[in-house]
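Secondary and tertiary structure notes
The chain contents come next:
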Amino acid sequence: MSDDKVKTAAMAAFTKYLTQHKLRKTPERYAILDKVFDLNDHFTVESLHAALHAEGYHVSCTTVYNTLEHLTEATLVRRRTFGRQPAQYEKITGLTNHHHLVCTSCGKVREIKDSALDSTLSSLRFGTFRPAYTDLYIYGVCSRCSKKKRTSADKTTKTIKNTVNKQHK
Ligand SMILES: [Zn+2]
Ligand SMILES: [Zn+2]
């Protein structure tokens, strides 16, 4: 599916959701949905709000937040919380099932795709419980942070050595 088709399908699904829940079909809500489906990354309420403002849509943070809640409910958007970071959102396109590697040191999030893992996860059975989707968060330390840790550890060793040497002179 092309990006435009994905967006059109999302618009239709949102219209259906708003009708079912007797919610108003305001232009603001559609502008927010439109922007969300232009984004390929995770975003926060604040970053989406700022992006809308930059394009001349002066909607309040509350409207952005409420619309995202509706989009989440309508399963067009997924809400993510990585560790202690503020909630992040991302669109759901139906095609992209991915998981997240979260760095516990800098908070960086990397997306991974693994079809073997996906088929294992979808083959799992939990009695009468019917799983809809699976989200996997793998926590650890990213390469940049582990490099940083190594170099600062090296420096500490060098400083200790230098101090020891000076004291012996
Ligand atoms: Zn990191
Ligand atoms: Zn993601």
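Nothing here was measured: the structure is a model prediction, and the numbers come from that model.

So, on to the overall build of the chain. For the chain, the helix and strand inventory stands at six helices and five strands. Along the chain, from the amino end to the carboxyl end, the secondary structure elements read α-α-α-α-β-β-β-β-α-β-α. Counting the 169 residues in the chain, one finds 11% classified as buried. The long-range share in the chain, meaning contacts at least 24 apart out of those at least 6 apart in sequence, stands at 50%.

Before going further, it helps to spend a moment on the nonpolar core. Formed by 15 residues in total, the largest nonpolar core has its most connected members in Leu33, Val36, Leu71 and Val77. Apart from residues no more than four positions distant in its own chain, Leu71 is found in contact with Phe14, Leu33, Val36, Leu76 and Val77.

Let's shift gears to the packing of helix α1 (residues 3–20) against helix α2 (residues 27–36). The interhelical angle for the contact between α1 and α2, taken along N-to-C directions, is 145 degrees, at an axis separation of 10 Å. As for how α1 packs across α2, the hand of that crossing is right-handed. Where α1 abuts α2, its residues Lys7, Ala10, Met11 and Phe14 lie against Tyr30, Leu33 and Asp34. Its residues assigned to classes, the contact of α1 with α2 comprises five nonpolar, no polar and two charged.

Here we come to the sheet that holds strand β5 (residues 137–140). Judged by pairing direction, the sheet is mixed, and its three strands sit side by side in the order β4-β3-β5 without closing on themselves. Looking at which strands have only one partner, the edges of the open sheet turn out to be β4 (109–112) and β5. On average, each strand axis in the sheet is tilted by 25 degrees relative to the strand beside it, whichever way the strands run. Bridge analysis of strand β3 (residues 99–103) against β4 gives four bridges, and the strand direction is antiparallel. Its bridge partner being in β4, His100 is matched across the sheet by Glu111.

Attention shifts here to the confidence of the model for the chain. With 89% of its residues at a pLDDT of 70 or more, the chain has an overall mean of 87. Element-level mean pLDDT values for the chain span from 72 in helix α6 (residues 143–168) up to 96 in helix α4 (residues 61–73).

Now for the environment of Tyr57. Position of Tyr57 among the secondary structure elements: in the loop between α3 (45–54) and α4. Residue Tyr57 is classed as partly exposed on the basis of its 17 C-beta neighbours within 10 Å. C-alpha of Tyr57 to C-alpha of Ala31: the two residues are 26 residues apart in sequence and 7.9 Å apart in space.

Take unusual backbone geometry next. Notably, Lys22 is not glycine yet its phi reads approximately 50 degrees, a positive angle. Secondary-structure assignment places Lys22 in the loop between α1 and α2. Residue Lys22 is classed as exposed on the basis of its C-beta count, with 6 C-beta atoms lying within 10 Å. Notably, Thr75 is not glycine yet its phi reads approximately 50 degrees, a positive angle. Tracing the chain through its elements places Thr75 in the loop between α4 and β1 (77–80). Taking the C-beta count within 10 Å as the criterion, Thr75 has 13 such neighbours and is therefore assigned partly exposed.

Here the focus is the packing of α2 against α4. The relative placement of two packed helices is expressed as an angle between their axes plus a distance between the axes. Viewed as axis vectors pointing N to C, α2 and α4 meet at an angle of 70 degrees, and their least axial separation amounts to 10 Å. Relative to α4, the element α2 is oriented roughly perpendicular. Mapping the contact onto sequence places Glu28, Arg29, Ile32, Leu33 and Val36 in α2 and Thr63, Val64, Thr67 and Leu71 in α4. A per-class count over the contact of α2 with α4 returns five nonpolar, two polar and two charged.

Reading the values: the criteria
Residues numbered from 1 in each chain as written. Chains lettered and ligands numbered in written order. Predicted model: local features only at pLDDT ≥ 70, side-chain atom pairs only at ≥ 80, totals over all residues. Helix = DSSP H or I, 4+ residues; strand = E, 2+ residues; numbered from the N terminus. Buried ≥ 20, exposed ≤ 12 C-beta atoms within 10 Å, placed from the backbone. Contact = placed C-beta atoms within 7 Å. Core = buried A, V, L, I, M, F, W, Y, C linked by C-beta atoms within 7 Å. Axes fitted to C-alpha atoms, helices over the stretch in contact; angles between N-to-C directions. Left-handed = near helix turned anticlockwise from the far one by under 90°. Nonpolar A, V, L, I, M, F, W, Y, C, P; charged D, E, K, R; others polar. Pairing = 2+ DSSP bridges. pLDDT = per-residue confidence, 0-100. Parallel < 35°, antiparallel > 145°, perpendicular 65-115°, else oblique.

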